[in-house]
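A structural walkthrough
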Amino acid sequence: MTATSAQHPLTSLCRTCFHIFNTGKFCPQCNRPRIISHPELLNLSIAHMDCDAFYAAVEKRDNPEYASRPVIIGGEKRGVVSTACYIARMSGVRSAMPMYKAKKLCPDAVIVRPNMKRYQEVGLAIHNKMRALTPLVEPLSIDEAFLDLSGTEALHQAPPAAQLAKLAAEIEADLGITISIGLAPNKFLAKLSSDMNKPRGFTVIGKSDAHTILASLPITRIYGIGAKSAKSLAKDGLSQISQLQEMDETSLIRRYGETGQKLFKLSRGIDNRKVQPNSGVKSVSSERTLAQDLADFDALQDKLWGLSETVSTDLKRKELAGATITLKLKTSMHRIITRSRTLEVPTQLSETLFEISSDLLQPLTDGTPYRLIGVGVSGFRPLSEADQPDLIEPSRTQRANAERAMDALKGKYGKAAISKGRGFKTAKTAPNKKQ
Ligand code: TTP
Ligand code: MG
């Protein structure tokens, strides 16, 4: 499906043989009907790609007997749906739904416990295929990424739209996973469009039709507008993007400050954020200024769990694993102290970050009051080397597996509200994130 504009001539791409032609319902070269048409098709280079029913797709691929059955992926203990295949979705099953409800809606579904390690491997393989097209790949989560394909046409002898269609076909053929594509002038519109015709979608939003498409959508489709912001906007009578399009910038800024300016721009399809690959990232860290100075080990260690979880979430989202863990402290006299330890095997797990940073903290708790505490990871190494089974300390491997299972429940890392027991104490205030 395609967003089109009547005034401008269309350009079309065949998603089967990648032939480019003017217009028509069938490809003049291969006669197939999977055609994508848009007047700006050859001018756009920012893409967002998101796998379809990702965890369920991996399970179906690995268990062909599930192919035509409704499949639901979910953790047993917390009883929440991680995802459901598109067959199960026809019965109304959705991510984050309680499992008992999903079972009621779809009694004949195959229920599968998540295998996070497997999904991470497949997600990484997909991101690596993207990196073969451009170094400008920004993973957003395990199954999605932004790509900036500007300037790649000469190298690949094909415009970005054709490169994307080919890549999707290659991912399907080589990895057995289907993916949906959004192509647009910027990240906001690309992400919006990839979601519009799932599964196996390819949707284009151009400059010429962005305004009209946005006008038909609710405000909640603007990134960063969660349930809370939507509620306060609704109090002011604002629920549709079209309403924002009618307001001028000054009054939006006067009402909502910086958010108002963002709403003004995004409602008009303007988004200047760059696609940021991870290659420039040297370290990932998180630190927190304490409400009151602390000297006690237990009290300080209590903060380390939340910090370790934040850093770990960030590492997983960015597909990074680092071997050097650094603890940072600032005394009440503003002196900065750092202590680091380098591990044999790089990690991205919060359990490991917590364990090592606690070890580093121990000798520094000699009664000195601290006003800030932070955890950082550097020394990045290939993800394939990360968190290997620990033969010397098998309990560490068990904890790592438990964390991966927990990640499965958390969905796209942090979307849902699940935290390990010890995190509850520190989860109230979000730490300042730094990179
Ligand atoms: P999504 O891309 O949001 O969902 P999806 O790939 O299952 O389905 P689609 O994109 O076709 O709509 O998330 C990717 C994976 O993240 C998903 O397969 C499972 C996991 N996930 C959760 O565990 N919990 C959640 O609440 C969500 C939204 C996703
Ligand atoms: Mg997805």
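Everything quoted here is computed from the prediction, not taken from an experiment. (Residues numbered from 1 in each chain as written. Chains lettered and ligands numbered in written order. Predicted model: local features only at pLDDT ≥ 70, side-chain atom pairs only at ≥ 80, totals over all residues. Heavy atoms only, no water.)

Quick word on the overall build of the protein
Each helix and strand counted, the protein has 14 helices and 16 strands in total. What you see for the protein is a C-alpha radius of gyration of 24 Å, in line with the 22 Å of a compact globule of 435 residues. Taken along its principal axes, the extent of the C-alpha atoms in the protein is 75 × 60 × 50 Å. Out of the 435 residues belonging to the protein, those deemed buried represent 51%. Taking the contacts inside the protein whose residues are at least 6 apart along the sequence as the reference set, 65% of them involve residues at least 24 apart. Surface accessibility of the protein: about 20800 Å² in total, with carbon and sulfur atoms responsible for 52%. (Helix = DSSP H or I, 4+ residues; strand = E, 2+ residues; numbered from the N terminus. Rg over C-alpha atoms; globule rule 2.2 N^0.38 Å. Buried < 20%, exposed > 50% of the residue type's maximum accessible area, 1.4 Å probe, protein only. Contact = heavy atoms within 4.5 Å. Areas by Shrake-Rupley, 256 points an atom, 1.4 Å probe, with all protein chains shown as cover.)

Digging into the coordination of the magnesium ion (ligand 2)
Protein ligation of the magnesium ion (ligand 2) involves Asp 50 (OD), Cys 51 (O) and Asp 143 (OD), the donor distances falling in the range 2.0 to 2.3 Å. Coordination geometry of the magnesium ion (ligand 2): the 6 donor atoms subtend angles of 79 to 177° at the metal centre, consistent with an arrangement described as octahedral. Read N to C, the donor residues that coordinate the magnesium ion (ligand 2) are spaced as D-C-x91-D. With Cys 51 in strand 4 (residues 46-51) and Asp 143 in the loop between strand 8 (137-141) and strand 9 (144-148), this residue pair connects regions lying 92 residues apart in the sequence. Judged by relative accessible area, Asp 143 falls into the buried class, the value being 9%. (Donors = N, O, S within 2.8 Å, 3.2 Å for Na, K, Ca; no water. Tetrahedral: all angles 85-135°; square planar, octahedral: opposite > 155°, others 65-115°.)

Some points on the pattern of salt bridges
Inspection of the entire model under this criterion finds 19 salt bridges. Put simply, Asp 271 and Arg 273 hold a salt bridge, and the shortest N to O gap is 2.8 Å. The class of Arg 273 is partly exposed, set by a relative accessible area of 35%. Between Arg 341 and Asp 359 there is a salt bridge, and its shortest N-O distance comes to 3.2 Å. One end of the pair, Arg 341, is in strand 14 (residues 336-347); the other, Asp 359, is in helix 13 (residues 350-361), with 18 residues separating them in the sequence. The partly exposed category is assigned to Arg 341, whose relative accessible area is 32%. (Salt bridge = Lys/Arg side-chain N within 4 Å of Asp/Glu carboxyl O.)

Some points on the packing of helix 4 (residues 116-131) against helix 6 (residues 160-175)
Axis separation between helix 4 and helix 6 bottoms out at 11 Å; the angle between their running directions is 145°. Crossing angle aside, the handedness with which helix 4 passes helix 6 is right-handed. Contact residues: helix 4 offers Ala 125, Ile 126, Lys 129 and Met 130, while helix 6 offers Leu 167, Glu 170, Ile 171, Asp 174 and Leu 175. Classifying every residue of the contact of helix 4 with helix 6 by side-chain character gives 6 nonpolar, no polar and 3 charged. (Axes fitted to C-alpha atoms, helices over the stretch in contact; angles between N-to-C directions. Left-handed = near helix turned anticlockwise from the far one by under 90°. Nonpolar A, V, L, I, M, F, W, Y, C, P; charged D, E, K, R; others polar.)

Description of helix 6
With 16 residues, helix 6 extends 21 Å from end C-alpha to end C-alpha; this agrees with the ideal 22 Å at 1.5 Å per step. Where helix 6 is concerned, the buried positions are Pro 160, Ala 161, Ala 162, Gln 163, Leu 164, Ala 165, Leu 167, Ala 168, Ile 171 and Leu 175. (Expected span 1.5 Å × (residues − 1).)

Observations concerning the sheet that holds strand 9
Across a sheet, paired strands are connected by hydrogen bonds in the backbone, their directions being either parallel or antiparallel. Reading across from one edge, 8-9-4-10-11 is the order of the 5 strands in this open sheet, with mixed pairing throughout. This sheet does not close on itself; its edge strands, each paired only once, are strand 8 and strand 11 (202-204). On average, each strand axis in the sheet is inclined to that of its neighbour by 15°, with strand direction left out of account. Pairing geometry for strand 10 (residues 179-184) and strand 11, over 3 bridges, is parallel. Across the sheet, Gly 182 pairs through a bridge with Thr 203, a residue of strand 11. Seen against the sheet, helix 7 (residues 187-194) touches strand 4, strand 8, strand 9, strand 10 and strand 11 and runs at an angle of roughly 145° to strand 10. (Pairing = 2+ DSSP bridges.)

Some details on the domain arrangement of the protein
When its domains are assigned, the protein resolves into domain 1 (11-50 + 123-210), domain 2 (54-117), domain 3 (219-267) and domain 4 (283-434). Between the C-alpha centres of domain 2 and domain 3 there is a distance of 35 Å. (Domains from an automatic or database assignment.)

Concerning the nonpolar core
Ranked by internal contacts, the top residues of the largest apolar core, which has 55 residues, are Phe 54, Ile 126, Ile 177 and Phe 202. Of the residues forming this core, the biggest block, 8 residues, is contributed by helix 6. Looking at this core, you find at least three residues from each of domain 1 (11-50 + 123-210) and domain 2 (54-117). In contact with Ile 126, not counting residues within four places along its chain, are Cys 51, Phe 54, Ile 171, Leu 175, Ile 177 and Ile 179. (Core = buried A, V, L, I, M, F, W, Y, C linked by side-chain atoms within 4.5 Å.)

What about the pairing of strand 5 (residues 71-74)?
A two-sided burial pattern is seen for strand 5, the buried positions comprising Val 71 and Ile 73 on one face and Ile 72 and Gly 74 on the other. Here strand 5 pairs with strand 7 (residues 110-112) via 3 bridges, running parallel. Within strand 7, the position partnered with Val 71 by the bridge is Val 110. Of the strand pairs in this sheet, strand 5 and strand 6 (residues 81-84) are connected by 3 bridges, and their pairing is antiparallel. Bridged to Gly 74 within strand 6 is Val 81.

Some points on the packing of helix 1 (residues 54-62) against helix 4
Two elements in contact, helix 1 and helix 4, have axes separated by 10 Å at closest approach and are oriented at 100°. By the angle between their axes, helix 1 is roughly perpendicular relative to helix 4. Contact residues: Phe 54, Tyr 55, Val 58, Glu 59, Arg 61 and Asp 62 in helix 1; Met 116, Arg 118, Tyr 119, Val 122, Gly 123 and Ile 126 in helix 4. When its residues are assigned to classes, the contact of helix 1 with helix 4 shows 7 nonpolar, 1 polar and 4 charged. (Parallel < 35°, antiparallel > 145°, perpendicular 65-115°, else oblique.)

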